[in-house]
Amino acid sequence: MNIIKTNSVLQKEIKRYKSEGKTVGFVPTMGFFHEGHLSLMNIAKEKCDIVVVSLFVNPTQFAPGEDLDIYPRNFEKDEKLAISAGVDMLFCPDLDEIYPKGYLTYIYTEQLSSILCGKFRKEHFQGVTTIVAKLFNIVQPDIAVFGQKDYQQAIIIKRMVRDLNFPIKIILGPIIRERDGIAMSSRNKYLSKDERDQAKIINIALKKAKEEFDSGINDANIIKENIRKKIQTSDLARIEYIEIVNSVNLDSIKRVKSGTFAAVAVYYGKTRLIDNINF
Ligand code: AMP
């Protein structure tokens, strides 16, 4: 596996592969790899000749006071895991390489970026679309793979790709979970033992919502209220939002239908966890 730190070296390598007729699959990440990340790398590997993974903790998607400074990092472990997943190039640029002095340009996808998580993390999605657009321009992949765990992010990226004519196919990988159902996340590391134990209620509540829908209940308010009640049985949980939305423009819906989804954000202490389920 080639570890690359600069745009110019990466672009030279990509150009060479493309001149050989090879297809390029791309997985953007912030590192501290778990099986969720690896599953996306595997999808890219299945679909393309060459897999590029970026590892960059992107400061523009963190608000002041969020966890940028303490975001978990373990480069040696990530390197080994990426090798085991068959990654060809691990792109880990320094901050200056991505945001050189005097950087001024940002990309913002309206509407979709100011609802759900965007309501509470005001500039988050602008940071996400900006870094992903930059990485798309640097890597120029044929496909890029994102996790359904960050469903709103994936929908926003899809819209940005459509609106800005990026010639890139976006593929979504399923949420990979721990054995007790909690969605894998680099941030799970922040949880205390009690918080970690109680946080499994989030997925239990979402699965119960799906069962309710499957048994014929389709009133979104009832399903939302039942999710809330279930999560509130965990005394350490502080719910930020519970929403049921359609999967195209993330509008809130009154009647749950197949293809819509429930999304939640819940704090345990200072740790913010998100999860979702498709009906
Ligand atoms: P991150 O490093 O947290 O920015 O995530 C990088 C990519 O991995 C994003 O596309 C995430 O949606 C995806 N991802 C994170 N956690 C999971 C998970 N548990 N299952 C599947 N994909 C995930």
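Residues numbered from 1 in each chain as written. Predicted model: local features only at pLDDT ≥ 70, side-chain atom pairs only at ≥ 80, totals over all residues. Heavy atoms only, no water.

Draft legend 1. Quick look at unusual backbone geometry. Although it is not a glycine, Phe32 sits at a positive phi angle of roughly 55°. The topology assignment puts Phe32 in the loop between strand 2 (24-29) and helix 2 (35-47). Phi is positive for Leu116, which is not a glycine, with a value near 45°. Mapped onto the secondary structure, Leu116 falls in the loop between helix 4 (95-98) and helix 5 (117-120). (Helix = DSSP H or I, 4+ residues; strand = E, 2+ residues; numbered from the N terminus.)

Draft legend 2. A look at the packing of aromatic side chains. With the rule as written, the count across this model stands at 10 aromatic pairs. Centroid distance Phe120 to Tyr241: 6.0 Å. Interplanar angle 10°. Geometry classified as stacked. Taken together, the residues span a long stretch of sequence, with Phe120 in helix 5 and Tyr241 in strand 7 (residues 237-245) at a distance of 121 residues. On the basis of relative accessibility, which here comes to 39%, the residue Phe120 falls in the partly exposed class. A ring pair is formed by Tyr151 and Phe261, whose centres lie 3.9 Å apart and whose planes are at 45°; its orientation type is tilted. With Tyr151 in helix 7 (residues 151-163) and Phe261 in strand 8 (residues 261-268), this pair connects stretches of sequence that are 110 residues apart. Taken as a pair, Tyr151 and Phe261 share a single burial class, namely buried. By way of ring pairs, the aromatic residues Phe26, Phe136, Phe146 and Phe166 are connected into one cluster. Between Arg16 and the ring centre of Tyr17, over which it is positioned, the NZ or CZ distance is 4.9 Å. The cationic tip of Arg238 hangs over the ring face of Tyr267; the distance from NZ or CZ to the ring centre is 4.5 Å. (Phe/Tyr/Trp six-rings, centres within 6.5 Å; stacked < 30°, edge-to-face > 60°. Buried < 20%, exposed > 50% of the residue type's maximum accessible area, 1.4 Å probe, protein only. Lys NZ or Arg CZ within 6 Å of the ring centre and 35° of its normal.)

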